[in-house]
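Residue-level listing of the chains:
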Amino acid sequence: MKTSRKFAPSRLWRGALAALLVLIVPVAGFTQDTTSGIRGKVYDESGAPVVGASILVEDLRTGSRRSVTTNASGTFLASKLAVGGPYRVTVGGTKSIMVDSIDLGDTYNLTINMQEAAAVEEIVVIGQTAAIADVAAGPSAVFSAQDLAAAVAFNRDIKEVYSFDPRLNLDMDGFQMNCGGQHPRFNSVTLDGVSQNDRFGLNTNGYSTATGQPFPFNSIEQVVVEMAPFDVTYSGFSACNINAVSRGGTNEFEFGVLYEYHSDSLRGDEIGGVGTFTSLPFDETTIGASIGGPIIQDKLFFFATYEEQEFPRFLAHGYAGSGNGVERPWLSQADFERISDISNNIYGYDPGGLPGDGTQKNQTYLIRADWNITDNHDVAFVHNYFDGPQLRSSDSDPNEFEFPNHFYVKGAEMTTNTIMLNSQWTDNFSTNLYYSQADMKDSQVTVGPKDFADMQISVGGRTGTVYLGADDSRLANALIWDSEYFKAFGEYLSGVLVITFGFEREDLNVFTQFV
């Protein structure tokens, strides 16, 4: 089955008109997909707005500069800025203000008084805050690269970081994120504006890749979880919008390596002197590396990161007394050997012996390049890749036993390419052009030969069932989709009002097969 979804232009123009009508209001901030902004108002010594004041906004990480002037109301807007910071805002070449960081999808507001500060006696007050969790007070929660680096994230998934917000709930198995009590499929997850959602609706983790987060944990500069944002430029969700933006290079070279190891021998066997806890033998490893810096100082930058994880899959099980994994007391060694002998000697099919444990291996990397074309124009290119094959059992309830050739490999491979062009054309007008392409291959392939059918043998009446042969749901099972997305948005500052308008289109092609 192949389907194609295209957004009708008339529908899009209605959406653009709605955006225009909604956003022609005095606002404290407006939402963007991948950038931020700084907006301010300048007053002179008498408290009157300063008209025509020159404003220079500098990103101290990359040397990127944005020059604007104040309008008739004394207001300026520097939009389409890279998230994070620090930034230095200079008025008329004389007064500078430092902005430590700006949030993704938000506008940082400044009020600048050019009056010289009077000489006063300095009073210093020192206090210390209590140790509290950093959670959102409003309709969104913002998490920086520093927050991600300091967080305890055993699975290296951003869900483990933003789930500290009490309005979000991560279930016990660590897969599903409920926002405001709604199912994870009602959420939207984006990286640099590219949808990372489950486009077909089969995955429990809410991602397009069923076996893990589809981008490296260390590649994220900032994550914003927006709960019912009042902005018509967003769509495709009714719970939360989880918006992440990738890290870019700076004028400083950086290099890092990662190695994590965990095993059953590193686990405790009691809690507070109470109870005895045991674990099956296992090993977990995570390796990674990242590098970034300037190619041309103040002009061209790169950042690349790679991560690889290997997890155990506890799939082993056996007949009573076999000592192999979780034993099935209803299956005797004699019955196991009899079924295996008949399969081999009469039907010429080797079911594979006793099933052992499996593994899951995730490999993901991200490469980003940023070019400051001029002070008012910059472009970024992002390439992201994920591959995560996972060995799974098909029928593993306590009253079921399956030979290893009945197992299957769940595959998830995704590639995305994104290019973003941000421009400040005049003091009042800026634009964003955006194009992305994504390919996703979701596979389910039986381990054993496909030409031997799924056989189910009852043992002890209906006490238990033994499975051998190719799993009946994985003989021909595939899901492939690809998408192309284009967006053109503009912003115009009129007095103290920000007018937003634009056009977007997505083509989504889906192929699914199930026999």
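*Asks:* What am I meant to see in a nonpolar patch on the surface here?
*Replies:* Taken together, Phe 381, Ile 419, Leu 433, Tyr 435 and Phe 486 make up a surface patch of nonpolar side chains, about 420 Å² in accessible area. Relative to the helices and strands, Ile 419 is located in strand 25 (residues 408-424). With relative accessibility at 40%, the residue Ile 419 sits in the partly exposed group.

*Asks:* What is the right way to read the side chain of Asp 395 from this model?
*Replies:* Topologically, Asp 395 is positioned in the loop between strand 23 (390-392) and strand 24 (400-402). Summary of buried charges: Asp 395 has no salt-bridge partner, and the nearest side chain of opposite charge, Arg 474, is 6.6 Å away. Not counting residues up to four positions away in its chain, the partners in contact with Asp 395 are Glu 400, Glu 402, His 406, Tyr 467 and Asp 471.

*Asks:* In this structure, what is going on with the environment of Glu 402? I would like to understand it.
*Replies:* Within the secondary structure layout, Glu 402 lies in strand 24. A residue is classified by how much of its surface remains accessible, and Glu 402, at 0% relative accessible area, is buried. When the C-alpha positions of Glu 402 and Gly 318 are compared, they lie 9.1 Å apart, and in sequence the two are 84 residues distant. The residues touching Glu 402, leaving out its near neighbours within four places in the chain, are His 317, Pro 355, Ser 393, Ser 394, Asp 395, Ser 396, Phe 407 and Tyr 467. A polar side-chain atom of Glu 402 sits 2.8 Å from the main-chain amide nitrogen of Asp 395.

*Asks:* Any chance you could explain the nonpolar core here in plain terms?
*Replies:* By size, the foremost hydrophobic cluster in this structure holds 39 residues, and its most contacted members are Ile 158, Tyr 162, Leu 168, Ile 220, Val 223 and Val 225. If you tally residues by element for this core, the top one is strand 14 (residues 220-227), at 4 residues. Setting aside residues no more than four positions away along its own chain, Leu 168 makes contact with Tyr 162, Ser 163, Met 177, Asn 178, Cys 179, Val 225, Met 227 and Cys 240. Counting 17 residues, the second largest nonpolar core, distinct from the first, contains Leu 81, Val 89, Leu 110 and Met 114.

*Asks:* Could you clarify how one ought to interpret the environment of Ser 140 in this entry?
*Replies:* By secondary structure assignment, the location of Ser 140 is in strand 9 (residues 140-144). The class of Ser 140 is partly exposed, set by a relative accessible area of 28%. A sequence separation of 100 residues divides Ser 140 from Cys 240, and the C-alpha atoms of the two residues are 9.2 Å apart. Setting aside anything within four residues of it in sequence, one finds Ser 140 in contact with Arg 167, Val 224, Val 225 and Glu 226.

*Asks:* So what exactly am I meant to see when it comes to the pattern of salt bridges here?
*Replies:* Should their charged atoms come close, side chains of opposite charge can pair. For the structure shown, the criterion picks out 16 salt bridges. Residues Asp 378 and Arg 66 are paired through a salt bridge, measuring 3.3 Å at the closest nitrogen-oxygen approach. Of this pair, Asp 378 sits in strand 22 (residues 377-387) while Arg 66 sits in strand 4 (residues 65-69), and the two are 312 residues apart along the sequence. Grouping residues by exposure puts Asp 378 and Arg 66 together as buried. A salt bridge links Glu 307 to Arg 156; its shortest N-O distance comes to 3.0 Å. You can see Glu 307 sitting in strand 18 (residues 300-313) and its partner Arg 156 sitting in the loop between helix 2 (145-150) and helix 3 (159-162), a full 151 residues away along the chain. A single burial state applies to Glu 307 and to Arg 156, both of which are buried.

*Asks:* Sorry, what's going on with helix 4 (residues 333-345) here?
*Replies:* One turn of the α-helix equals 3.6 residues, which is why residues spaced by three or four share an orientation. End to end, helix 4 covers 18 Å across 13 residues, agreeing with the expected 18 Å (1.5 Å per residue, within 8%). Listing the buried residues of helix 4 in full gives Phe 336, Ile 339, Ser 340 and Ser 343. Axial view of helix 4: buried residues confined to an arc of 95 degrees, hence all on one face. Exposed residues lying more than 90 degrees from the buried face of helix 4 are Ala 334, Arg 338 and Asn 345. The inward-facing, buried residues of helix 4 contact strand 19 (317-319), strand 24, strand 27 (455-459) and strand 28 (464-468).

*Asks:* What exactly am I supposed to notice about the pairing of strand 28 here?
*Replies:* Here is the key point about a regular strand: its side chains alternate between the two faces of the sheet. Among the 5 residues of strand 28, 5 are classified as buried, and the element is accordingly described as predominantly covered. Side chains of strand 28 alternate between two faces, with Gly 464, Val 466 and Leu 468 and Thr 465 and Tyr 467 buried alike. Pairing between strand 24 and strand 28: 3 bridges, direction parallel. Paired with Phe 401 across the bridge in strand 28 is Val 466. Bridge analysis of strand 27 against strand 28 gives 5 bridges, and the strand direction is antiparallel. Each bridged residue has a counterpart across the sheet, and for Ile 457 the counterpart in strand 28 is Val 466. Connecting strand 27 to the next strand, strand 28, in antiparallel fashion are 4 residues, including Gly 460 with a positive phi near 65 degrees.

*Asks:* Would you mind going over the sheet that holds strand 4 with me for this structure?
*Replies:* The strands that make up a sheet pair up through hydrogen bonds in the backbone, lying either parallel or antiparallel. With respect to topology, 4 strands assemble into an open sheet ordered 4-3-6-7, the strand pairing being antiparallel. The open sheet has two edge strands with one neighbour each: strand 4 and strand 7 (95-99). For this sheet the average axis-to-axis angle between neighbouring strands, irrespective of direction, equals 20 degrees. Across 5 bridges, the pairing between strand 6 (residues 87-91) and strand 7 is antiparallel. Looking at strand 7, one finds that Val 89 is bridged to Ile 97.

*Asks:* Mind showing me how you'd approach the sheet that holds strand 14 here?
*Replies:* Strand order in the open sheet formed by 5 strands is 9-14-15-12-13, with mixed pairing between adjacent strands. Each edge of the sheet is formed by a strand with only one pairing partner; in this case those strands are strand 9 and strand 13 (194-195). Bridging between strand 9 and strand 14 involves 5 bridges; their strand directions are antiparallel. The partner of Ser 144 across the bridge, within strand 14, is Gln 222.

*Asks:* Before we go on, may I ask you to explain the environment of Ile 112 in this structure?
*Replies:* Positionally, Ile 112 belongs in strand 8 (residues 107-113). We classify Ile 112 as buried; its relative accessible area is 0%. For the pair formed by Ile 112 and Gly 40, sequence separation is 72 residues and the distance between their alpha carbons is 7.2 Å. Discounting chain neighbours no more than four positions away, the residues touching Ile 112 are Lys 41, Val 42, Tyr 43, Phe 76, Val 89, Val 91, Lys 95 and Ile 97.

*Asks:* Sorry if this is basic, but what is going on with the confidence of the model for the protein here?
*Replies:* Reading predicted coordinates in detail is not appropriate for stretches of low pLDDT. Here the protein averages 83 in pLDDT, while 88% of its residues score no lower than 70. Mean pLDDT values for the elements of the protein range from 40 in helix 1 (residues 9-23) up to 95 in strand 22. Scored below 50 in pLDDT, residues 117-121 makes 0 contacts in the model with residues more than four places away or belonging to other chains. Note that residues 127-138 has pLDDT below 50 and, in this model, 9 contacts with residues that lie over four places away or in other chains.

What counts as what
- Residues numbered from 1 in each chain as written.
- Predicted model: local features only at pLDDT ≥ 70, side-chain atom pairs only at ≥ 80, totals over all residues.
- Heavy atoms only, no water.
- Patch = residues over 30% accessible without salt bridge, like charges linked within 9 Å, V, L, I, M, F, W, Y side chains within 5 Å.
- Areas by Shrake-Rupley, 256 points an atom, 1.4 Å probe, with all protein chains shown as cover.
- Salt bridge = Lys/Arg side-chain N within 4 Å of Asp/Glu carboxyl O.
- Helix = DSSP H or I, 4+ residues; strand = E, 2+ residues; numbered from the N terminus.
- Buried < 20%, exposed > 50% of the residue type's maximum accessible area, 1.4 Å probe, protein only.
- Lys, Arg positive; Asp, Glu negative; His and termini not counted.
- Contact = heavy atoms within 4.5 Å.
- Polar contact = N/O pair within 3.5 Å; in protein donor to acceptor, adjacent residues only side chain to side chain.
- Core = buried A, V, L, I, M, F, W, Y, C linked by side-chain atoms within 4.5 Å.
- Expected span 1.5 Å × (residues − 1).
- Arc of directions from axis to C-beta.
- Pairing = 2+ DSSP bridges.
- Axes fitted to C-alpha atoms, helices over the stretch in contact; angles between N-to-C directions.
- pLDDT = per-residue confidence, 0-100.

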